[in-house]
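Residue-level structure breakdown
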Amino acid sequence: MYGDVFMIRKLYPYGKKKAFNVTYDDGVLQDVRFVGLLNKYKLKGTFNLNSKLMEDEFQWTHNCGLVVTRLKVDDVISLYEGHEVASHTKTHPFMEELTKEAILCQLSEDKANLEKIFGYEIKGFAVPFHYYSDLIEECVKECGFEYGRISEESLSFAPQNNYYRWKATIFHSIDKLDNMIAEFVKTEEELALFQIVGHSYDLDVDNRWEHMENIFDVISQQKDILPMTTIQIVEYFKAMDKAEITDKSIYNKSDISLWFNINNHICEVKPNEEIIYV
């Protein structure tokens, strides 16, 4: 079936070559419109929430004068259905000011609160503001998260391999966004990944709603791009890390299916399955 020389290329689920995701912070009123766009184009988002600020109906005023309003608990349950909810700490503090005990409290209590609200395990964490450290990384692991997203761009399509210092591809307000999207559509990199990070209220501040919808339209038309949440991407990469790939076989040691292109044949390797080429 595969021939004598084996050319193996890792793929995303269903034989897709690339993955796309947006990871947005804070859970604000503009998310209603933003999630509507994601759903319209059948894309996937990860929304990083502060549970205490939802309870308090927190507001603040942007430098431009826009009043930014947090969504209430009753608003979010159905809104984010079909997407991922992740932790963003309980109250969005300046992390550099906190002791280890306080960091653990912020993470563990937010995780527990969000799990109670949404009824499923919260596996992801995104740091508030820009400060991240070895101590925060240690706390993210202690609290049982599968990944920790930091506030740095990768500016790369390469898969992230440090799950607790995870970098999204690019901030949505960066001028080079359009050029990178065009490059992503054309790239042939293995397991190419594009993640946009930001806040939906910035789309009001910078008048970028039409711009973002145009990007979503372009991505949705690409047959080789799979919309995924961050945790779906992380779990897939971790499963791929476990796979034993030799010049004779692939052994999937995980509990999810993995996908490969073997000599131009799309192949699904099911959980705990081994396929032998010869």
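Provided above is the structure to which this section pertains.
Treat the numbers as computed from the prediction; the structure is a model and nothing was measured. (Residues numbered from 1 in each chain as written. Predicted model: local features only at pLDDT ≥ 70, side-chain atom pairs only at ≥ 80, totals over all residues. Heavy atoms only, no water.)

A short note on unusual backbone geometry
One non-glycine residue, His-92, adopts positive backbone phi at about 60 degrees. For His-92, the location among the structural elements is in the loop between β6 (84-87) and α4 (100-118). What makes His-92 buried here is its relative accessible area of 14%. Positive phi, close to 70 degrees, is recorded for Asn-264, a residue that is not glycine. If you trace the backbone, Asn-264 turns up in the loop between β15 (258-262) and β16 (265-269). The exposure class assigned to Asn-264 is exposed, which follows from its relative accessible area of 73%. (Helix = DSSP H or I, 4+ residues; strand = E, 2+ residues; numbered from the N terminus. Buried < 20%, exposed > 50% of the residue type's maximum accessible area, 1.4 Å probe, protein only.)

Quick word on the environment of Glu-273
Relative to the helices and strands, Glu-273 is located in the loop between β16 and β17 (274-276). Looking at Glu-273, the relative accessible area reads 28%, which means it is partly exposed. Distance from Glu-273 to Phe-125, taken between C-alpha atoms, is 31 Å for residues 148 residues apart in sequence. Excluding its chain neighbours within four sequence positions, the residues that come into contact with Glu-273 are Ile-250, Tyr-251, Asn-252 and Glu-268. Of note is the side chain of Glu-273, whose polar atom sits 2.7 Å from the backbone nitrogen of Lys-270. (Contact = heavy atoms within 4.5 Å. Polar contact = N/O pair within 3.5 Å; in protein donor to acceptor, adjacent residues only side chain to side chain.)

Overview of the pairing of β6
Walk down a regular strand and you will see the side chains alternate between the two sheet faces. Residues Glu-84 and Ala-86 of β6 are buried on one face, and the alternating residues Val-85 and Ser-87, pointing to the opposite face, are buried as well. Sheet analysis places strand β3 (residues 45-49) next to β6, joined by 4 bridges and oriented parallel. Considered in β6, the bridge of Leu-49 is made with Ser-87. (Pairing = 2+ DSSP bridges.)

A look at a negative patch on the surface
Among the surface-exposed residues, Asp-56, Glu-57, Asp-74 and Asp-75 lie close enough to one another that they form a single negatively charged patch. On the secondary structure map, Asp-74 appears in helix α3 (residues 73-79). Take Asp-74: its relative accessible area is 70%, and that puts it in the exposed class. (Patch = residues over 30% accessible without salt bridge, like charges linked within 9 Å, V, L, I, M, F, W, Y side chains within 5 Å. Areas by Shrake-Rupley, 256 points an atom, 1.4 Å probe, with all protein chains shown as cover. Salt bridge = Lys/Arg side-chain N within 4 Å of Asp/Glu carboxyl O. Lys, Arg positive; Asp, Glu negative; His and termini not counted. Charge placed at Lys NZ, Arg CZ, Asp CG, Glu CD.)

Regarding the sheet that holds strand β13 (residues 244-245)
Read from one edge to the other, the open sheet built from 3 strands follows the order β13-β14-β17, with strand pairing classed as antiparallel. Edge positions in the sheet fall to β13 and β17, since each has one partner strand and no second. Relative to strand β14 (residues 249-251), β13 runs antiparallel, the two being bridged by 2 bridges. What sits directly across from Glu-244, in β14, is Tyr-251.

A word on the environment of Tyr-236
With respect to the helices and strands, the residue Tyr-236 is situated in helix α9 (residues 230-242). The contacts of Tyr-236, once residues within four sequence positions are left out, are Leu-11, Tyr-12, Pro-13, Met-228, Ile-256, Ser-257, Leu-258 and Trp-259.

Here we look at the packing of aromatic side chains
Under the counting rule described, the total for this entry stands at 18 aromatic pairs. Among the aromatic residues, those joined into a ring-pair cluster are Phe-20, Tyr-24, Phe-34, Phe-47, Tyr-80, Phe-157, Phe-184, Phe-194 and Phe-216. Lys-111 extends its terminal NZ or CZ atom over the ring of Phe-145, reaching a point 5.8 Å from the ring centre. Over the ring of Tyr-163 we find Lys-238, and its NZ or CZ is 5.2 Å from the ring centre. (Phe/Tyr/Trp six-rings, centres within 6.5 Å; stacked < 30°, edge-to-face > 60°. Lys NZ or Arg CZ within 6 Å of the ring centre and 35° of its normal.)

Let's talk about the pairing of β15
Summarising burial for β15: 5 of the 5 residues are buried, a large majority. Pairing of strand β1 (residues 8-11) with β15, which is carried by 4 bridges, proceeds in the antiparallel orientation. Within β15, the residue paired with Arg-9 across the bridge is Asn-261. Bridge analysis of β15 against β16 gives 5 bridges, and the strand direction is antiparallel. Paired with Ile-262 across the strands is His-265, a residue of β16.

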